[in-house]
Amino acid sequence: MLEVNNLTLRFGALLANNDVSLKVPERSLIGLIGPNGAGKTTLFNCVSGVYTPNQGTVKLNGIDLVGKQPYQIHQLGIARTYQIINLFSDMTVIENVLVGIHDSLKATFFDSMFHSKKHQQEELAAHDKALELLEFVGLESKANNRAGSLAYGEQRLLEIVRALVSDPKLLLLDEPAAGMNSKEKTDLDRIVKRIMNRWDLSILMVEHDMDLVMGISEYIYVLNYGKLLAEGTPDEIQKNPVVIEAYLGGDL
Amino acid sequence: MFTQLLLAAILSGAIYGLIGLGYSLIYRASGIMNLSQGDAMCLGGFLGYTFYVTLKLPLYLAIPCTLACTFMVGLLLERFVIRPIFKRNVSTSALILATVAVSYIIQSVELIIWGGAPLHLPSFLKTRTMMINGVIYQTETLLIISVALISMITLHFFMKKSSFGIAMRAAAMDQDAARSCGINVEATTRITWAISISLAGLAGMLVGPLYGVTTTLGTAMSGKGFASAVVGGYGDMYGAILGGGILSALETFSAGYISSYLKQMVAYLAVLIMLFIRPRGVLNVEAVKD
Amino acid sequence: MEKNKLLQNYKKYLVYLPLVLLALFFPFLLKNFSYGLMFLCFCEMYIIAVNGLDLVYGYSGQITFATAAFFGLGSYGSLLLRNHTGLPVIVCMLLAAVITCIIGMILAYPVSKLRFAFLSLSTISFNHVVFQLATRSPGGITGDYTGAFTDSLTLFGIDFGNYTYFYYFGLACVVIFVILKFNLVRSRVGRAFLAIKQNTAAADGMGINVRKYKVYAFGIYAFYAAFAGTMYAHFVGYVSPETIAQQQSVIFMIMILLGGVTSNWGPIIGAVTVLLLKEVLGYAEQYQLLAYGIILLIFILFLPTGLYGLGKDLIENKKHKKGSLSDVRS
């Protein structure tokens with residue numbers, strides 16, 4: 001479904017992504033791992049339109065994504081979370097989710113200005129859907145709280161809900177477990193599995209927590225210094241000597 | 001007529017460049033526009049008047065004193081106004097508005113201390129005109145251009161060769177990376193503001209004898225300053241200088257050959273046109289897009 | 001149960017009843033103080049303009065120093081249309097506002113892909129260019145420095161040159177414009193604006209066409225400011241370039257900051273307070289500037305939610321101190 005081919009991105013002399021190719025099939029959960037600075041978030045940024053790669057292609061079901069703006073890519077069905085929390089902290093929790101569904105709503109400018117029937121119906125439906133998703137992660141009681149006032153782990157979940165609400169085909173999760181404690185990580189693991197069960201989408205996940213990634217992913221890509229180091233099932237990756245060496249003394 | 005216009009263009013260009021430099025430096029260091037640059041220039045003029053005329057200091061003392069004072073003003077401005085607002089996580093829009101507030105406060109202080117009537121700064125040199133190659137030049141003009149050029153060249157070497165200058169450039173490029181190299185980003189930012197304000201102050205003192213010293217000059221010069229920076233390439237030191245030259249050439253020659261009606265609008269039209277068709281400026285600078 | 005809830009919902013609107021009555025009966029209260037009534041008419045215009053400014057600055061975060069220019073474009077636009085075409089005044093007003101709205105969007109479009117900071121430069125430049133055009137217009141059509149005269153508003157056979165009549169006309173306009181803004185703000189458009197202001201990158205990533213919404217916000221703001229300008233032109237009957245001066249644009253900003261951004265009462269409080277201040281400070285120029293500068297800094301540093309936010313906080317604190325459990329929704 002998502003096909004990245006020979007992706008290369010340069011920052012001056014630095015090759016942040018060097019000839020990287022990967023595939024995310026339908027209804028799959030793919031992991032993307034690698035040491036810090038390996039180019040994982042950069043890859044996400046290339047897919048979601050924040051960066052434009054110097055070479056290579058990114059295709060979603062055959063549609064070329066390179067050169068499109070982030071909002072266009074979101075409209076095509078790719079939603080993401082961010083490595084550093086990127087919420088709208090002064091808006092309420094539910095408003096954050098409603099922003100996520102913005103481009104699915106059809107009310108025109110004048111519908112909004114005059115609060116037409118179309119606007120009212122859409123808003124009601126959107127509110128209901130947002131609340132339902134907040135319930136899914138257990139945040140519905142905080143729907144009217146300021147997003148910035150949530151606990152760290154809750155903010156991370158909110159980012160996921162905000163991305164989910166638009167019914168994306170592909171969900172990009174950038175280190176969703178970063179900074180979480182073990183209880184929060186267990187919750188996250190359960191939530192991600194439930195997402196895969198309930199919705200018809202794929203997830204591409206960057207993560208440092210090996211237990212989490214290995215336990216969830218069906219296929220893993222390993223990046224190092226911008227290049228694709230290895231790829232395979234979690235078992236294959238764990239036994240791969242090249243990977244073990246790159247993570248010398250790491251948490252494999 | 002042409003040489004006269006050319007010289008006038010170089011003169012204005014140098015002045016615009018000095019003010020525009022401040023705009024670009026501050027944008028690189030703090031990410032905002034300091035809309036009080038023009039008033040910093042007037043402040044230099046007023047301080048220059050106080051030192052040179054009121055206190056009757058010799059020129060070689062008056063200029064450094066003015067520079068020192070305006071430098072201090074820049075330091076204090078960053079320390080007591082800009083940084084506290086930065087810390088409160090205010091939007092760039094509000095910060096820019098704060099520089100407008102500063103501009104008003106500087107203007108009113110100037111009005112209170114020095115009054116509303118334009119002050120006259122006498123010419124710095126005894127000889128009024130010089131003859132070079134058979135052409136008569138006003139010495140004042142040559143002095144201003146020389147001083148401006150010297151400051152720009154000094155700044156260039158400071159930024160490129162001195163360790164503090166290099167630290168400033170590093171901090172302007174990437175604050176976090178600079179910090180992790182042990183650079184004190186707070187200090188470099190503060191010095192950047194101080195340099196920007198004092199460059200504008202120097203410009204103000206230099207043109208004192210030519211234009212007089214008055215608060216109303218500030219807003220106009222502010223516009224020329226940021227217009228120079230926009231034309232040359234916003235955020236780039238050399239862009240500001242180049243932009244100053246281009247802008248003043250446009251102004252002088254359009255006024256001389258077309259009509260002086262346009263002269264008032266040239267700077268502002270230049271900003272609008274450049275932002276419309278080539279926001280990266282003549283030098284094709286990066287870091288301008290959202 | 002249902003009835004009680006209904007009553008409760010309307011109870012909070014009861015607070016506004018005295019204000020509504022006051023607004024409706026002002027002209028009678030001020031029967032012998034026509035200067036006060038005139039002042040209120042001016043308040044109405046500025047309230048509309050500042051509401052537009054709230055949309056573009058408070059909600060979508062775009063700094064603008066061109067409000068006076070748009071106000072002036074509305075004034076001169078309507079004046080020129082009326083004086084040269086003789087169309088009904090209300091048509092000229094609406095036409096001028098629409099044209100200015102388009103101009104505003106054209107101005108905003110190229111800069112919308114740049115950072116907010118560049119808007120400050122482009123709006124300052126735009127304001128100056130408009131000022132220059134007004135003071136030295138081609139063919140002197142604007143009357144240049146002396147300004148120009150025009151007719152007052154006549155609608156349904158009523159001449160709104162009279163303060164009282166204009167007051168009610170203005171009041172109706174204010175109500176309409178405020179309701180439209182109120183609606184817009186509680187819709188996906190309003191959320192998009194806020195998202196762009198708070199986190200432009202995330203807004204983009206969540207599917208919001210940032211450029212489009214920045215331009216829309218600017219367009220509405222230009223419309224509001226221009227319409228206010230047309231009200232001015234046909235109320236005073238005379239327009240001069242002073243209303244377009246750069247400083248006037250800053251005064252609009254002071255109004256919204258002082259009142260409180262992203263609030264319903266903020267623009268009203270801000271507009272009225274600053275207009276009152278102008279009356280008081282009308283004298284010494286240096287102190288006027290000083291006051292404006294200090295007020296701006298105080299509100300940016302210490303009172304970012306303006307007087308409205310301050311008032312709200314004080315009331316919340318009182319409620320907590322009283323230990324009231326009623327309706328504690330954040």
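Residues numbered from 1 in each chain as written. Chains lettered and ligands numbered in written order. Predicted model: local features only at pLDDT ≥ 70, side-chain atom pairs only at ≥ 80, totals over all residues.

**Concerning the overall build of chain C**
Moving on, step 1. Per the secondary structure count, chain C includes 14 helices and 4 strands.
Moving on, step 2. Reported as C-alpha extents along the three principal axes, the dimensions of chain C are approximately 70 × 55 × 45 Å.
Moving on, step 3. The buried share of chain C, taken over its 330 residues, is 49%.
Moving on, step 4. Intrachain contacts of chain C at a sequence separation of at least 6 include 76% that bridge at least 24 residues. (Helix = DSSP H or I, 4+ residues; strand = E, 2+ residues; numbered from the N terminus. Buried ≥ 20, exposed ≤ 12 C-beta atoms within 10 Å, placed from the backbone. Contact = placed C-beta atoms within 7 Å.)

**Some points on the overall build of chain B**
Moving on, step 1. Tallying secondary structure elements over chain B gives 11 helices and 2 strands in all.
Moving on, step 2. Beginning at the N terminus, the succession of helices and strands in chain B can be written as α-α-α-α-β-β-α-α-α-α-α-α-α.
Moving on, step 3. Relative to the 2.2 N^0.38 estimate, which gives 19 Å for 290 residues, the radius of gyration of chain B is 19 Å and therefore close to what a compact globule would have.
Moving on, step 4. With the C-alpha coordinates of chain B rotated into their principal frame, the extents come out at 60 × 45 × 35 Å.
Moving on, step 5. For chain B, the proportion of its 290 residues judged to be buried stands at 49%.
Moving on, step 6. Considering only contacts within chain B whose residues lie at least 6 apart along the sequence, 74% involve residues at least 24 apart. (Rg over C-alpha atoms; globule rule 2.2 N^0.38 Å.)

**Here's the deal with the interface of chain C and chain A**
Moving on, step 1. Counting from both sides, the interface comprises 24 residues of chain C and, opposite them, 31 residues of chain A.
Moving on, step 2. Of all elements in the fold, only α7 (163-185), α8 (188-198), α9 (200-205) and α10 (210-236) of chain C reach the threshold of two or more residues within the side of chain C that touches chain A.
Moving on, step 3. Grouping the constituent residues of the side of chain C that touches chain A by class yields 12 nonpolar, 8 polar and 4 charged. (Nonpolar A, V, L, I, M, F, W, Y, C, P; charged D, E, K, R; others polar.)

**Topic: α8(C)**
Moving on, step 1. Burial of α8(C) is extensive: 11 of the 11 residues sit out of reach of the surface.
Moving on, step 2. Within the sequence span of α8(C), burial applies to C:R188, C:V189, C:G190, C:R191, C:A192, C:F193, C:L194, C:A195, C:I196, C:K197 and C:Q198.
Moving on, step 3. Next to the buried residues of α8(C) lie α3 (93-100) and α4 (109-114) of chain A together with α3 (34-59), α7, α9 and α10 of chain C.

**Thoughts on the interface of chain B and chain C**
Interface size, as often reported, equals the accessible area lost upon joining of the parts.
Moving on, step 1. Contact residues are listed per partner, giving 40 residues for chain B and 37 residues for chain C.
Moving on, step 2. Sorting the residues of the side of chain B that touches chain C by element identifies α3 (59-87), α4 (92-114), α9 (217-232) and α11 (260-277) of chain B as the ones contributing at least two each.
Moving on, step 3. Looking at the side of chain B that touches chain C, its residues break down into 29 nonpolar, 8 polar and 3 charged.

**Comments concerning the arrangement of the chains**
Moving on, step 1. Here 2 pairs of chains are in contact, and chains B and C lead that list by number of contacts.
Moving on, step 2. No part of chain A reaches chain B; the closest C-alpha pair between them is 11 Å apart.

**Considering the confidence of the model for chain C**
Moving on, step 1. Per-residue pLDDT for chain C averages 88, and the proportion of residues at 70 or more is 92%.
Moving on, step 2. Here the complex is predicted with pTM 0.91, and the ipTM for its interfaces comes to 0.91. (pLDDT = per-residue confidence, 0-100.)

**Considerations on the nonpolar core**
Moving on, step 1. Counting residues in each nonpolar core, the largest one holds 259 residues, and the members touching the most others are C:A49, C:A226, C:A228 and C:L296.
Moving on, step 2. The element best represented in this core is α10(C), accounting for 19 residues.
Moving on, step 3. Both domain 1 (1-77 + 168-252) and domain 2 (86-167) of chain A contribute no fewer than three residues apiece to this core. (Core = buried A, V, L, I, M, F, W, Y, C linked by C-beta atoms within 7 Å. Domains from an automatic or database assignment.)

**A word on the packing of helix α4 (residues 67-85) of chain C against helix α5 (residues 89-111) of chain C**
All names here are of chain C.
Moving on, step 1. In the contact formed by α4 and α5, the axes pass within 8 Å of each other and the chain directions differ by 135°. Between α4 and α5, the interaxial angle falls into the category oblique. Seen from above, α4 lies across α5 with right-handed handedness. Note on element contacts: α5 touches α4 through V89, C92, M93, L95, A96, A97, I99, T100, I103 and G104, opposite F70, L73, G74, G77, S78, L81 and R82.
Moving on, step 2. Looking at the contact of α4 with α5, its residues break down into 11 nonpolar, 5 polar and 1 charged. (Axes fitted to C-alpha atoms, helices over the stretch in contact; angles between N-to-C directions. Parallel < 35°, antiparallel > 145°, perpendicular 65-115°, else oblique. Left-handed = near helix turned anticlockwise from the far one by under 90°.)

**Concerning α10(C)**
An α-helical segment advances 3.6 residues per turn. Residues three or four places apart therefore align on the same side.
Residue and element names in this part refer to chain C.
Moving on, step 1. In a regular helix each residue adds 1.5 Å, so 27 residues correspond to 39 Å; α10 covers 39 Å between its end C-alpha atoms and thus fits that length.
Moving on, step 2. By the criterion of burial, α10 is predominantly enclosed, with 24 of the 27 residues buried.
Moving on, step 3. Immediately downstream of α10, the backbone of G237 shows phi near 80°, a positive value. (Expected span 1.5 Å × (residues − 1).)

**So, the environment of B:E140**
Residues and elements named next belong to chain B.
Moving on, step 1. By the element assignment, E140 lies in helix α5 (residues 139-161).
Moving on, step 2. A residue is classified by how many C-beta atoms lie within 10 Å of it, and E140, with 19 of them, is partly exposed.
Moving on, step 3. Taking the C-alpha atoms as reference points, E140 and L210, separated by 70 residues in sequence, lie 8.1 Å from one another.
Moving on, step 4. Look past the residues within four positions of E140 in its chain and what remains in contact with it is S123, L125, P209 and L210.

**Section: the pairing of strand β8 (residues 202-206) of chain A**
All names here are of chain A.
Moving on, step 1. In terms of residue burial, β8 counts as a mostly covered element, since 5 of its 5 residues are buried.
Moving on, step 2. Burial along β8 is two-sided: the face carrying S202, L204 and V206 and the face carrying I203 and M205 are both buried.
Moving on, step 3. Examined bridge by bridge, strand β3 (residues 29-33) and β8 share 4 bridges and lie parallel to one another. Counted as the bridge partner of I30 is L204 from β8.
Moving on, step 4. Handedness of the crossover is the feature at issue here: the chain leaves strand β7 (residues 170-174), passes through helix α7 (residues 182-198), returns alongside β8, and the resulting connection is right-handed. (Pairing = 2+ DSSP bridges. Right-handed = clockwise from strand over helix to strand, strands pointing away.)

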